[in-house]
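# A closer look at the structure
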Amino acid sequence: MSRKNSGFAADLAAGIDLTEDSAAPRRSSIASNVLTGRSNRLADLASGAIVSRTHELVDPARCRMWAGHNRDYALLNEERCADLIESIKAQGRQEIPAIVRRLSGEDGYDFEVICGARRHWSVSWLRTHNYPDFKFLVDVREIGDEEAFRLADLENRARDDLTDFERAKDYLRALSAYYEGRQKTMAERLKVSESWLTRYLDLARLPEELTRAFANPHELGIRNAIALKALMKPEDRKERAFREAARLAAERERTNHSPSVLEVIKALSLAADPPKKSGTPKKSGKAETVANAVGQPVLRIEGADRKGVRITLLNKGGATRQEAEEAIRAVLDQHWPVQ
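Figured I'd write up the structure that's included with this text. Small disclaimer: the values here were computed from a predicted structure and weren't measured.

What follows is about the pattern of salt bridges. Scanning the entire structure with this criterion turns up 26 salt bridges. A salt bridge links Asp202 to Lys229, with the shortest nitrogen-to-oxygen separation between them at 3.2 Å. Residue Asp202 is found in helix H8 (residues 194-204), and its partner Lys229 is found in helix H10 (residues 222-229); the two are separated by 27 residues along the sequence. Exposure remark for Asp202: the relative accessible area of 17% places this residue in the buried category. Among the ionic pairs, Glu302 bridges to Arg300, the shortest N-O distance being 3.9 Å. Relative accessible area serves as the criterion here: at 21%, Glu302 is assigned to the partly exposed category.

Position of Thr163 among the secondary structure elements: in the loop between helix H5 (145-156) and helix H6 (164-179). There is a polar contact of 3.5 Å between the side chain of Thr163 and the side chain of His218. Contact partners of Thr163, with chain neighbours within four places excluded, come to Arg80 and His218.

With respect to topology, five strands assemble into an open sheet ordered E1-E5-E3-E4-E2, the strand pairing being mixed. The outermost strands of the open sheet, each flanked by one partner alone, are strand E1 (55-58) and strand E2 (63-65). Ignoring strand direction, the axes of neighbouring strands in this sheet form an average angle of 45°. As defined by bridge partners, E1 adjoins strand E5 (residues 136-141) across four bridges and the pair is classed as antiparallel. Looking across to E5, one finds that His55 is bridged to Asp139. Packing against the sheet, H5 makes contact with strand E3 (98-102), strand E4 (111-115) and E5, and its axis sits at approximately 50° to E4.

Turning our attention to the packing of aromatic side chains. Enumeration according to the criterion identifies eight aromatic pairs in this entry. On the numbers, 4.8 Å between centres and 55° between planes, the contact of Trp196 with Tyr200 is tilted. Placement of the pair is Trp196 and Tyr200 together in helix H8, with a separation of four residues, close to one helical turn. Grouped by ring-pair contacts, the aromatic residues Phe149, Tyr171, Tyr178, Tyr179, Trp196 and Tyr200 constitute a single cluster. A cation over a ring is seen here: Arg173 above Trp66, with NZ or CZ 5.9 Å from the ring centre.

Moving on, we get to the nonpolar core. In terms of nonpolar packing, the biggest core is built from 43 residues, with Tyr171, Met186, Phe214, Leu228 and Leu268 touching the most fellow members. Broken down by secondary-structure element, the contributors of at least two residues to this core are E4, H5, H6, helix H7 (183-190), H8, H10, helix H11 (235-255) and helix H12 (261-272). For Tyr171, the contacting residues outside a window of four places in its chain are Phe149, Asp153, Arg157, Met186, Leu190, Trp196, Leu197, Tyr200 and Leu201. Residues Leu84, Trp121, Val123 and Val138 belong to the second largest nonpolar core, which totals 20 residues.

Right, let's get into the pairing of E4. The buried fraction of E4 amounts to five of the five residues, a majority that puts the element mostly inside the structure. As judged from the three bridges shared by E2 and E4, these two strands associate in the parallel manner. By the bridge assignment for E4, Arg64 is matched with Glu112. Note that E3 and E4 share four bridges and pair antiparallel. Its bridge partner lying in E4, Val100 is registered against Val113.

Turning our attention to the environment of Thr185. Tracing the backbone shows Thr185 in helix H7. Residue classification places Thr185 among the partly exposed positions, given a relative accessible area of 31%. On a C-alpha basis, the gap between Thr185 and Leu175 in space is 9.2 Å, while along the polypeptide they are ten residues apart.

A few words now on the environment of Asp164. Looking at the element boundaries, Asp164 is found in helix H6. Those residues within four positions of Asp164 in sequence are excluded, and the remaining contacts are Tyr200, Leu203, Leu220, Gly221 and Ile222.

In this structure, the amide linkage connecting Lys233 to the following residue, Pro234, adopts the cis form with an omega of -10°. By the secondary structure assignment, Pro234 is in the loop between H10 and H11. At Glu180, a residue that is not glycine, the phi angle is positive and equals roughly 50°. Summarising the element assignment, Glu180 is placed in the loop between H6 and H7. Positive phi values are uncommon outside glycine, yet Asn256 reaches one of about 60°. Assignment of secondary structure puts Asn256 in the loop between H11 and H12.

Rules used throughout
Residues take numbers from 1 onward in each chain, read along the sequence in its written order. Whole-chain, interface and lining totals are the exception, using all residues; otherwise, since this is a predicted model, local features are given only for residues with pLDDT of at least 70 and side-chain atom pairs are given and counted only at 80 or more. Only hydrogens and water are set aside; all other atoms, that is, all heavy atoms of the structure, feed into the side-chain values. Any carboxyl oxygen of Asp or Glu within 4 Å of a side-chain nitrogen of Lys or Arg constitutes a salt bridge here. Helix and strand labels come from DSSP, where a helix needs a run of H or I of at least four residues and a strand needs a run of E of at least two; each type is numbered from the N terminus. Each residue's exposure class comes from its accessible area (1.4 Å probe, protein chains only) as a fraction of the maximum for that residue type: buried when under 20%, exposed when over 50%, partly exposed otherwise. Two N or O atoms count as a polar contact when they lie within 3.5 Å, although within protein this holds only if one can serve as hydrogen donor and the other as acceptor, and sequence-adjacent residues are included solely when both atoms are side-chain atoms. Between two residues, a contact is recorded if the distance between any of their heavy atoms is within 4.5 Å. At least two bridges found by DSSP between two strands is the condition for calling them paired. A fitted line through C-alpha atoms serves as each axis, taken over the contacting stretch for helices, and the angle formed by two N-to-C directions is quoted from 0 to 180°. Whether two aromatic rings pair depends on their centres lying within 6.5 Å, for rings of Phe, Tyr and Trp, where Trp uses its six-membered ring; planes under 30 degrees apart make the pair stacked, over 60 edge-to-face, and the rest tilted. To sit over a ring, a charge needs its Lys NZ or Arg CZ within 6 Å of the ring centre and within 35 degrees of the ring normal. Definition used in this section: a nonpolar core is a set of buried Ala, Val, Leu, Ile, Met, Phe, Trp, Tyr and Cys residues joined via side-chain atoms within 4.5 Å.

Printed below as a string of structure tokens:
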């Protein structure tokens, strides 16, 4: 190396400290700046100062419910939203965004709520009850009605706070609105079985002449729909069930007493298929319960289509001994007539 180049290399080397002690502060400083920036951003996200590019914090008064929303907004109250209200208060914010569509040319509204009626109601309630600074966190989407329906169904399908009755009515509406009444197509789009969907549609199709018997039809589940649907055929059974439903509704209004769902179903079933009165037993291979004039069970007959019958006295049914004797005499007259 020439003397000139040797001097240049020496000067260059003199400006570089190759010890580990000198290199560490620079790496530490860089890492510290990155971690500090990350911490600050997480803090901003946690405080609500930063929202993702599709999320916005808005005034809930500028949002309206979508006409196809699967929840009955009018039924929401402080009791039904109590858990969500307490969660928002504890966290200081709404953590899960509602899904909305942006509106244009709508006087008074900027968004339409697809999913998140309880969140909207809860934030609105809190703003009028000592928390005026709370905002409604929304995820803005550009989607059509059928996609909006499927998205709302997927989000709410596992939620216990959405009743079977609400979900059933929503499915029945969507069946004609989006799928031209094709149940198989709808089931495929929702990725559910046809039988599963049928149970909900059966619940939604129960006539008002029958559901009036219940103080709150929203308490009905898909399991109840199976028993109630059976009352619709044949026509005479349906008419008896409708009459009993009207009687139960009138009695509820008069006494202000609301029987349970199972008690109402039992009364409707008994009215549709009243037990045979004493004196009119019939031959049948099936067990038959004979009741008195007011429907209290007296005895049970089994094996009536064979050479002999078995009679079981139902002495805890509320009937009298005289009524039991009359019922037994009627059985004897039919199966062992006087020669």
